[in-house]
Amino acid sequence: MSFIETRGNDGVKESEVTFSQAILSPLASYGGLYVPKELPVLGLEFLEKHINSSYKELAKDTLKAFKIDIEDSLLDEALSRYDEFDDSSNPVPVVKLNENLYVSELYHGPTRAFKDMALQPFGTILSSLAKSRGENYLIMAATSGDTGPATLETFKNKSNIKVCCLYPDGGTSDVQRLQMVTEDAKNLKVIGVKGDFDDTQDALKSLLASNEFKEELDRRDIKLSAANSVNFGRIIFQTIYHIHSYLELVRVGRIKIGDKINLIVPSGNFGNALGGYYIKKAGVPIDKIVIASNRNNILTDLITKGEYDLRDKELIKTNSPAMDILKSSNVERVLFDKFGPARTKELMDSLVENNFYKLTKDEVEDILSDFEAVYCNDDESEEIIAQYLTNGYLMDPHTATAIKAYEEKNDQMLPYVAYSTAEWTKFSTTISKASSYKVESDKEALELISSKLNVKIPDNIDNLFKKDIMHLLIVEKTDIMREMLNFFDS
Ligand SMILES: *Cc1c(COP(=O)(O)O)cnc(C)c1O
């Protein structure tokens, strides 16, 4: 299957590319994104066929339905990365909290957040493609805490790929920082940047736009790719678990194949929700996809009012930092799917020029046929954490935004699957706060929660505190390029 561009073709780039091309060079004409030319059909027959499949069998058949130009053996190798999850036979446990609420836990991979679901297999594929073409790629990431660790972990010691990860010094949790600075591999570079996440992201953007940096990369024959969810190679792996969640509800007897369910997705860049949307369009009986946000509720305004308005918005720091996003990249892929390339370009151009766009009434109705949206503030998510803890379910603050959405939306009609996107261990100080425990550090919070609630700290988190720090560098924004060149030439 070929891939086309959300904002149409500029006459310079190829107008249709393969999956491999789309993931190696993910930026399309006019700053757009690549999308599949058609979606596969994954209807009731596909669901019946996979009722007894393992996660990996389901995954392989789903990927093959997209008819991508990746050989079976490489798909198998990529999917084998799910063997590193807690339970290799079921990397995504779906837990029943009540008759109408099931939680699909996406955090059982090596870095304890949902980013592993896609980044682990994606890393294997990207590195293998680069190697077979004899090309070298640089992946750069600015991270507020979850993407960085998962990107480093997936590309660690992989050939033909170098990764540089920038994090705001003092702007991540201790666990997230340790997950990055203890990674030990020659192809990885981790740099703390003086400033907050916005400064870090700006620094990365200006570096990527600089001609001097481009020339330095060209001179070394290094190409740039990307591992964030603008890359369709991430999105494709984020379709599978939506089908898996549906099948799990069938397996436990809560629904029959053909019955509808609702999904609730804690959202930032909209990659997770987009996977659910594609699966709904492909034929899996999903009624609504509920977009849960924190106080950075730009998606709530878009879906309920049709307005994407950045003019009076400032980013607010919340207890769910992976959702502290105002420019949500993957919304564009939904706009394209519904309204086509010309309208998508018009809307996205307006966002660049005016920091604003507005959908028509009909367009909003169209969006509302698939999506609903709600948001909550930090106090509300902490209340949810405390309330569900009394019933024995421990969740992180991102997951809490989804559970809060369930409490608001549940009308006793259809069952809901809410996604849990991070393990409690990554945000233990927030959980301590929600439980009115006083703690000074992540380590203290981890140990306190572990002993009070009798839950185990997974080894890959516990061991972080014993590992050597491999990346000590903390620099001013202006020094990043020099450090990168040192890294290439070392
Ligand atoms: C990345 C992330 C999200 C947001 O997912 P998107 O696909 O960007 O919408 C939510 N929760 C956690 C914990 C994350 O790491």
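Given the structure is predicted, the values throughout are model-derived calculations rather than measurements. Along every chain, residues carry numbers that run from 1 in the direction the sequence is written. Residues qualify for local features only when their pLDDT is at least 70, as the model is predicted, and side-chain atom pairs are given and counted only at 80 or more; totals for whole chains, interfaces and linings, by contrast, use all residues. Only hydrogens and water are set aside; all other atoms, that is, all heavy atoms of the structure, feed into the side-chain values.

A. Looking closely at the overall build of the protein chain. Each helix and strand in the protein chain was counted, giving 20 helices and 15 strands. The reference for a compact globule is 2.2 Å times residues^0.38; the radius of gyration itself is calculated from the C-alpha atoms. Taking 490 residues into account, the globule formula puts the C-alpha radius of gyration at 23 Å, and the protein chain, at 21 Å, falls close to it. By principal-axis analysis of the C-alpha atoms, the protein chain measures approximately 60 × 55 × 50 Å. Across the 490 residues that make up the protein chain, the buried fraction comes to 59%. The way it works is that DSSP assigns letters per residue, a run of H or I at least four long becomes a helix, a run of E at least two long becomes a strand, and they are numbered from the N terminus. Here's how the labels work: a residue is buried when its accessible area is under 20% of the maximum for its type, exposed when over 50%, partly exposed in between, all with a 1.4 Å probe on protein chains only.

B. Structural detail: the sheet that holds strand 5 (residues 136-142). Strand order across the open sheet formed by 5 strands is 8-5-6-7-15, with parallel pairing between neighbours. Both outer strands of the open sheet, strand 8 (222-225) and strand 15 (474-475), are each paired with one neighbouring strand and no more. Bridge analysis of strand 6 (residues 161-168) against strand 7 (residues 188-193) gives 6 bridges, and the strand direction is parallel. Bridge assignment links C164 to a residue of strand 7, and that residue is K189. Contacts are residue-level and defined by heavy atoms, with any inter-residue pair within 4.5 Å sufficient. Only C-alpha atoms enter the line fits that serve as axes; for helices the fit covers just the stretch in contact. Angles between N-to-C directions range over 0 to 180 degrees. Strand contacts of helix 5 (residues 115-132): strand 5, strand 6 and strand 8, with the helix running at about 140° to strand 6, the strand carrying the most contacts. Against the sheet, helix 6 (residues 147-155) makes contact with strand 5, strand 6 and strand 7, and its axis sits at roughly 160° relative to strand 6, the strand it touches most. One requirement defines pairing of two strands: DSSP has to find at least two bridges between them.

C. Seen up close, the site of the ligand. We define proximity as follows: a residue is near a molecule or strand when any one of its heavy atoms falls within 4 Å of that partner. Contacts to the ligand come from 15 residues, most closely from K115, D146, G268, N269 and T421. Between K115 and the ligand, the recorded distance is 2.7 Å, taken from a side-chain N or O atom to an oxygen atom. We call two N or O atoms a polar contact when they sit within 3.5 Å, provided that within protein one can donate a hydrogen and the other can accept it, with sequence-adjacent residues counted only if both atoms are side-chain atoms. With respect to the ligand, the backbone of N269 contributes an N or O atom lying 2.8 Å from an oxygen atom. Notes on the ligand: free accessible area 390 Å², of which the protein chains cover 97%. Any residue outside Ala, Val, Leu, Ile, Met, Phe, Trp, Tyr, Cys, Pro, Asp, Glu, Lys and Arg is labelled polar, Gly included; the first ten of those are nonpolar and the last four are charged. A class-by-class count of the residues in the shell around the ligand yields 6 nonpolar, 7 polar and 2 charged. Each accessible area is a Shrake-Rupley result for a 1.4 Å probe, and residues are judged covered by the shown protein chains and nothing else.

D. How the structure looks around the packing of helix 3 (residues 55-65) against helix 4 (residues 72-79). Put simply, helix 3 and helix 4 touch, their axes get as near as 11 Å, and they point 135° apart. When the interaxial angle is binned, helix 3 and helix 4 end up oblique. Note on packing geometry: the crossing formed by helix 3 with helix 4 is right-handed. Facing K56, A59, K60, L63 and K64 of helix 3, the residues of helix 4 in contact are D72, L75, D76 and L79. Classifying every residue of the contact of helix 3 with helix 4 gives 4 nonpolar, no polar and 5 charged. Working rule for angles: under 35 degrees goes down as roughly parallel, over 145 as roughly antiparallel, 65 to 115 as roughly perpendicular, anything else as oblique. A crossing counts as left-handed when the near helix is turned anticlockwise from the far one by less than a right angle, and as right-handed when that turn is clockwise.

E. Up close: the pairing of strand 7. Among the 6 residues that make up strand 7, 6 are buried, leaving the element largely enclosed by the rest of the structure. Where the polypeptide runs from strand 6 across helix 7 (residues 174-181) and back to strand 7, its parallel neighbour, the crossover connection is right-handed. Pairing of strand 7 with strand 15, which is carried by 2 bridges, proceeds in the parallel orientation. In the sheet register, G192 faces strand 15, and the bridge partner there is I474. A crossover counts as right-handed when, viewed with the strands pointing away from the observer, the path leading from the first strand over the helix to the second turns clockwise.

F. Looking closely at the sheet that holds strand 3 (residues 94-98). Overall, mixed pairing links the 6 strands, which are arranged 3-4-14-9-10-13 in an open sheet. Sheet topology places strand 3 and strand 13 (371-375) at the edges, where each strand pairs with a single neighbour. This sheet shows a mean twist of 25° between the axes of neighbouring strands, independent of strand direction. The sheet contact formed by strand 3 and strand 4 (residues 101-105) spans 4 bridges and is antiparallel. Bridging across to strand 4, N98 finds its partner in L101. The strands touched by helix 11 (residues 271-282) within the sheet are strand 9 (261-266), strand 10 (286-293), strand 13 and strand 14 (416-420), with strand 10 carrying the most contacts at an inclination of about 170°. Contacts between helix 12 (residues 298-305) and the sheet are confined to strand 10 and strand 13, with strand 13 contributing the most and set at about 140° to the helix.

G. Geometry of the state of the cysteines. Here, the term disulfide refers to a pair of cysteine sulfur atoms separated by no more than 2.5 Å. Applying the stated criterion across every chain yields a total of 0 disulfides. In this model C165 remains outside any disulfide bridge; the closest cysteine sulfur is found in C164, 7.1 Å from its own.

From the geometry alone we can't say anything about function, so treat these as descriptive.
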